[in-house]
Structures are given as structure tokens and as C-alpha cells.
Amino acid sequence: MEPIRTVTRSGGRLPLLYGLFASILWLGTGALLLSLLLRYSGLKETALPTLALLVHGISALAGGFTTGRRAGQKGWYSGLLLGVVYALIVLVIGFLAADAPLSLESLYLLAAAAGAGTIGGMFGVGTRR
């Protein structure tokens with residue numbers, strides 16, 4: 001009788017999907033926080049584009065962290081992929097829902113999300129046991 005071989009899982013299931021879900025949760029939390037700050041503090045609407053870019057960066061960082069942790073290897077690649085997919089989803093939703101054209105701010109969003117996702121992915125792989 002032969003012993004049962006153990007199968008090792010290198011990456012888990014669908015790390016990008018888990019990362020996108022984490023990003024969406026962080027985006028919702030950040031949008032809620034920004035709207036509350038805008039309503040109940042002296043925050044001016046002129047500061048919103050910068051703060052929205054910051055919220056997108058934090059969301060991509062958290063999603064990249066989740067993706068890298070679930071993937072277990074190549075965190076920079078997983079995080080970069082998450083950041084690019086996240087930014088493309090946000091840009092497509094903005095285009096379809098609000099008819100927002102592609103502009104220089106779109107490129108800033110893509111760069112911020114890709115960079116933050118890459119850093120988050122590297123940290124996510126580093127914290128895996």
C-alpha cells in the first residue's frame with residue numbers, strides 16, 4: 001500500500017479577487033469618511049481630488065497586501081496587477097456612470113494605484129508565515 005502524497009498549495013484560490021474585494025471595502029470606507037469630513041468639518045471641496053487620490057492609493061495598498069499575502073510569492077507582480085485592474089475598474093465605472101473622460105488625473109490614478117498595489121503586494125508576501 002502506497003502512502004498518500006501531500007499536495008502543497010502555492011498560491012491559494014483567486015488572490016486577485018480577494019484583493020479586489022479588499023480594495024472595494026477600503027474604497028467604500030474612505031469615501032464614507034471623506035463625505036463625513038466634507039459635511040461636518042471645514043474641509044473645502046477643492047481638496048477632494050487630492051484626498052480622493054489618497055483614498056484610491058490606500059485602497060490599492062490594502063488590496064495589494066491582501067493579494068500578495070494570498071498569492072504567497074511574487075508579491076510585486078500580484079500587487080501591480082491588482083493596482084492596474086483596480087484603476088481600470090474605477091476609470092471604466094467613472095466613464096460609464098459619470099461620463100468622465102480620460103485625462104491626466106486618470107494617469108495619476110493609474111500610477112498611484114499601480115505603485116501602491118506593488119508596495120502592498122511586497123509587504124503582503126513578507127508577512128506570510
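Here the structure is a predicted model, which means the values were calculated and not measured.

Chemist: Can you break down helix 1 (residues 15–40) residue by residue, with the values?
Modeler: With 26 residues, helix 1 should reach 38 Å at 1.5 Å per residue; the first-to-last C-alpha distance of 37 Å fits that figure. Inspection of helix 1 places P15, G19, L20, A22, S23, G30 and L34 among the buried residues, and these make up the whole buried set. Among the structural elements, helix 2 (48–71) and helix 3 (75–98) are those in contact with the buried residues of helix 1.

Chemist: I'd like a rundown of the UniProt feature "transmembrane region" (unreviewed entry) in the chain, residues and numbers included.
Modeler: In the UniProt entry, the feature "transmembrane region" (unreviewed entry) is given for residues 16–40, 46–65, 77–100 and 106–125. For the annotated span residues 16–40, helix accounts for 100% and strand for 0% of the residues, and the straight-line distance between the end C-alpha atoms is 36 Å. In this annotation, residues 106–125 is assigned 100% helix and 0% strand; the end-to-end C-alpha distance for the span is 28 Å.

Chemist: Go over the side chain of S23, please, and point to the residues and values.
Modeler: Mapped onto the secondary structure, S23 falls in helix 1. Since its relative accessible area comes to 0%, S23 is described here as buried. There is a polar contact of 3.1 Å between the side chain of S23 and the backbone oxygen of S59. Once you skip the residues sitting within four places of it in the chain, S23 turns out to touch S59, A60, G63, L82 and Y86.

Chemist: Describe the packing of helix 2 against helix 3, and please don't skip the residues or the numbers.
Modeler: It is at 8 Å that the axes of helix 2 and helix 3 come closest, and there the two elements cross at 140°. Overall, the two elements helix 2 and helix 3 adopt an arrangement that is oblique. Like other packed secondary-structure pairs, helix 2 and helix 3 cross with a definite hand, here right-handed. Where helix 2 abuts helix 3, its residues H56, S59, A60, G63, G64, T67, G68 and A71 lie against G75, S78, G79, L82, Y86 and V90. Looking at side-chain class alone, the contact of helix 2 with helix 3 contains 5 nonpolar, 9 polar and no charged residues.

Analysis parameters
- Residues numbered from 1 in each chain as written.
- Predicted model: local features only at pLDDT ≥ 70, side-chain atom pairs only at ≥ 80, totals over all residues.
- Heavy atoms only, no water.
- Helix = DSSP H or I, 4+ residues; strand = E, 2+ residues; numbered from the N terminus.
- Expected span 1.5 Å × (residues − 1).
- Buried < 20%, exposed > 50% of the residue type's maximum accessible area, 1.4 Å probe, protein only.
- Contact = heavy atoms within 4.5 Å.
- UniProt positions renumbered as here; feature names shortened; annotations may be inferred.
- Polar contact = N/O pair within 3.5 Å; in protein donor to acceptor, adjacent residues only side chain to side chain.
- Axes fitted to C-alpha atoms, helices over the stretch in contact; angles between N-to-C directions.
- Parallel < 35°, antiparallel > 145°, perpendicular 65-115°, else oblique.
- Left-handed = near helix turned anticlockwise from the far one by under 90°.
- Nonpolar A, V, L, I, M, F, W, Y, C, P; charged D, E, K, R; others polar.

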